[in-house]
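# Structure at a glance
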Amino acid sequence: MSYQRPKGTNDILPGEVEKWQFVEETARLLFKDYQYNEIRTPMFEHYEVIARSVGDTTDIVSKEMYDFYDKGERHVTLRPEGTAPIARSYIENKLFGPEYSKPYKVYYVGPMFRYERPQKGRMRQFHQIGVEAFGSNNPATDVETMVMALEFFKQLGIDQIRLVINSLGDKATRAAYRQALIDYLEPHQAELSEDSQRRLHENPLRVLDSKDKRDKKFVADAPSILDYLSETSKSHFEEVTNMLDALEIPYEIDSNMVRGLDYYTDTIFEIMSDAKGMGAQATICAGGRYDHLVEELEGPATPSFGFAMGIERILLVLEAEEVVLPTLNQVDAYIVNLGATTNIEALKVVQAIRNAGFSADRDVMDRKAKAQFKSADKAGATLVLTLGEDELAEGMINVKAMETREEKRVPLTDIYQSFETIYDEMTKGE
Ligand code: ATP
Ligand code: MG
């Protein structure tokens, strides 16, 4: 019997995990500059929180939920996305209170779960980095948040990207557009996919998001929501585009773009990668405004804006664009120890070096000299310290700087008392 990880999941092994750390660290530093703080919510939520926020007719809720009844008969689900749980937390913890900053800005990093057909860049457990800004309806919030996402990709070294925006309008817009869309689609009803036939009257906007070929044909010529924007939504969208222009940020408008979640209103956006081979998984960041979600979950009226980015897809883009990431794999000192009697002294030496504030490792496998030097090399050791039985008898240790190949025999007492001095001496001029 050999066990395998569940379909659509991944083990992120050392060697690969450093890339994840780099991506996450870049996000944390940038988001801090924009005054976002981290929030961590549970991996699972009451089913109702997600269903009400994301929408019953969406693919996420109707097909992709990892939901179950727990031993107490509670209907819960692994979280498929980050915004609904955070909105729930915002309300539950009364983060709209006067003692909190406005807008209330948070970011998150973590796994999300959707029962999808796994493909490259489409997993069942995938990971998102996302942000939410609660409480501002200023179009400047839309713009600075989109710009922050663009800046994030720039800092990672990703160049081949496009910002695509659209507006889904407010409630008045949606009501007017809904009817126009139904009028347009109804004559073709029989030719649409089964899902879209069902959704045509329930939630016609979902038809625009369909990936089915039978639907796409009609979507291309569908009426544009931008022609149905209410006065308020129109002026919000105009301000957004004016502000993007003011910052000289290039963007495209795609009036057929909708999102796979029902809570969005007014501005929505995607950042698409043009790197080779991304195919249908080219969207690396998506988000927008959700002015009624907090109310929908029984909180106070709170206009909000956020986005989420898929880490797996970002890593695919980094690979496709051949971005060279900084190597983090290095150790200050590696202790090669030879012979049966050096085990305790090697332990003392490696601990002394660690206590002096350096990174260090040693051989514990009692291997031959050659294998130990190879390990030191692989670890990217700056100094290699060799302790044989002869050295030990004399109270000495051999220290070699790998860069300069300079070697020196030093008393073990020096290692214990002043490793930093030895390290500085042997690495100066590097
Ligand atoms: P798609 O249209 O590609 O299915 P979506 O509209 O479902 O994406 P969102 O829910 O807006 O995506 O999630 C934001 C981002 O999270 C996506 O742009 C993508 O980068 C990433 N993402 C979403 N679903 C997955 C998945 N199953 N596997 C990997 N990444 C994902
Ligand atoms: Mg999806």
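First things first, this report covers the structure right here in the doc. (Residues numbered from 1 in each chain as written. Chains lettered and ligands numbered in written order. Predicted model: local features only at pLDDT ≥ 70, side-chain atom pairs only at ≥ 80, totals over all residues. Heavy atoms only, no water.)

### Some details on the overall build of the chain
To keep things clear, this is the line we draw: Only DSSP runs of H or I covering at least 4 residues are called helices, and only runs of E covering at least 2 are called strands; the numbering of each starts at the N terminus. Throughout, the radius of gyration refers to the C-alpha atoms, and the reference size of a globule is 2.2 Å times the residue count to the power 0.38. For each residue, the accessible area found with a 1.4 Å probe, counting protein chains only, is set against the maximum for its type, and the residue is called buried under 20%, exposed over 50%, and partly exposed in between. In what follows, a contact means two residues having at least one pair of non-hydrogen atoms within 4.5 Å. Only the protein chains shown count as cover for residues, and all accessible areas are computed by the Shrake-Rupley method using a 1.4 Å probe. For the purpose of counting charges, residues Lys and Arg are taken to be positive, whereas Asp and Glu are taken to be negative. His and the chain ends are not included. We put the charge of a Lys on NZ, of an Arg on CZ, of an Asp on CG and of a Glu on CD.
In terms of helices and strands, the chain carries 16 helices and 16 strands. The C-alpha atoms of the chain give a radius of gyration of 28 Å, which is well past the 22 Å a tight globule of 430 residues would have. Overall, the chain is about 95 × 55 × 45 Å in size when its C-alpha atoms are taken along their principal axes. When each of the 430 residues of the chain is scored for burial, the buried share is 51%. Relative to all contacts within the chain whose residues are 6 or more apart in sequence, the contacts with residues 24 or more apart total 70%. Approximately 21800 Å² of the chain is accessible, and the part contributed by carbon and sulfur atoms is 49%. Here the chain contributes 51 positively and 73 negatively charged side chains, and the mean placements of these two sets differ by 5 Å.

### Considerations on the site of ligand 1
We apply this condition: What makes a residue near a molecule or strand is one non-hydrogen atom of that residue sitting within 4 Å of it. We define a polar contact as two N or O atoms separated by no more than 3.5 Å, with the added condition that, inside protein, one atom must be a possible hydrogen donor and the other a possible acceptor, whereas residues neighbouring each other in sequence contribute only through side-chain atom pairs. Under the scheme applied, nonpolar residues are Ala, Val, Leu, Ile, Met, Phe, Trp, Tyr, Cys and Pro; charged residues are Asp, Glu, Lys and Arg; polar residues are all the others, including Gly.
The full set close to ligand 1 counts 16 residues, and Arg-114, Glu-116, Arg-122, Lys-211 and Arg-259 are the nearest of them. At 2.9 Å, a side-chain N or O of Gln-128 approaches an oxygen atom of ligand 1. The separation between an oxygen atom of ligand 1 and a polar main-chain atom of Gly-310 is 3.2 Å. With the chains in place, 93% of the 580 Å² that ligand 1 exposes on its own is no longer accessible. Those elements giving two or more residues to the shell around ligand 1 turn out to be strand 6 (125–134), strand 10 (283–289) and strand 11 (304–310). Sort the elements by how many residues they give to the shell around ligand 1 and strand 10 lands first, with three residues. Partitioned by chemical class, the residues of the shell around ligand 1 number six nonpolar, four polar and six charged.

### Remarks on the packing of helix 1 (residues 17–33) against helix 12 (residues 311–320)
So the rule is basically this: Here an angle of 0 to 180 degrees is reported between the N-to-C directions of two axes, which are lines fitted to C-alpha atoms, with helices fitted over the stretch in contact. Put simply, angles under 35 degrees are roughly parallel, angles over 145 are roughly antiparallel, angles from 65 to 115 are roughly perpendicular, and the rest are oblique.
Where helix 1 contacts helix 12, the two axes come as close as 11 Å, and the packing angle between them is 105°. One element, helix 1, and the other, helix 12, form an angle in the roughly perpendicular class. Two secondary-structure elements touch here, helix 1 through Lys-19, Trp-20, Val-23 and Glu-24 and helix 12 through Ile-311, Glu-312, Ile-314, Leu-315 and Leu-318. By residue class, the composition of the contact of helix 1 with helix 12 is six nonpolar, no polar and three charged.

### Description of the packing of aromatic side chains
Rules: Centres within 6.5 Å make a pair out of two Phe, Tyr or Trp rings, where for Trp the six-membered ring is used; the pair is then stacked when the planes are under 30 degrees apart, edge-to-face when over 60, and tilted otherwise. In our convention, an over-ring charge means Lys NZ or Arg CZ found within 6 Å of a ring centre and within 35 degrees of that ring's normal.
Applying the stated criterion across every chain, the model contains 19 aromatic pairs. Here Phe-31 and Tyr-107 contribute two aromatic rings whose centre-to-centre distance is 5.4 Å and whose plane-to-plane angle is 65°, an arrangement assigned as edge-to-face. A residue pair is termed long-range when its members are at least 10 positions apart, and Phe-31 in helix 1 and Tyr-107 in strand 5 (residues 104–113) qualify at 76 residues. You'll find Phe-31 and Tyr-107 in the same group, each marked buried. Their ring planes at 15° and their centres at 4.4 Å tell us that Tyr-90 and Phe-134 sit as a pair that is stacked. With a gap of 44 residues between them, Tyr-90 in helix 4 (residues 83–92) and Phe-134 in strand 6 connect regions that are remote in the sequence. According to the relative accessible area criterion, Tyr-90 is buried, its value standing at 4%. Cluster of aromatic residues (ring-pair linked, three or more members): Phe-31, Tyr-36, Tyr-107, Phe-152, Phe-153, Phe-269, Phe-305 and Phe-307. Over the face of the ring belonging to Tyr-115 we find Arg-124, whose NZ or CZ atom lies 3.9 Å from the ring centre.

### A short note on helix 10 (residues 231–246)
The condition is simple: Expected helix span is given by 1.5 Å per residue-to-residue step, counting one fewer step than there are residues.
Over its 16 residues, helix 10 runs 22 Å from end to end, which matches the ideal 22 Å to within 8%, given 1.5 Å per residue. Where the residues of helix 10 are buried, they touch helix 5 (139–156), strand 7 (161–167), helix 6 (171–185), strand 8 (252–253), strand 9 (265–273) and strand 10.

### What about the pattern of salt bridges?
Heads up, the condition is: Salt bridges are defined as contacts in which a side-chain nitrogen from Lys or Arg sits within 4 Å of a carboxyl oxygen from Asp or Glu.
Within the structure shown, the criterion is met by 29 salt bridges. With a shortest N-O distance of 2.7 Å, Asp-142 and Arg-289 are connected by a salt bridge. Of the two residues, Asp-142 sits in helix 5 while Arg-289 sits in strand 10, which places them 147 residues apart along the sequence. For Asp-142, a relative accessible area of 0% gives the class buried. We note a salt bridge from Lys-408 to Glu-425, for which the minimum N-O separation is 3.0 Å. Linking Lys-408 in strand 16 (residues 407–411) with Glu-425 in helix 16 (residues 412–427), this pair joins segments that are 17 residues apart in sequence. The class for Lys-408 is partly exposed, based on a relative accessible area of 29%.

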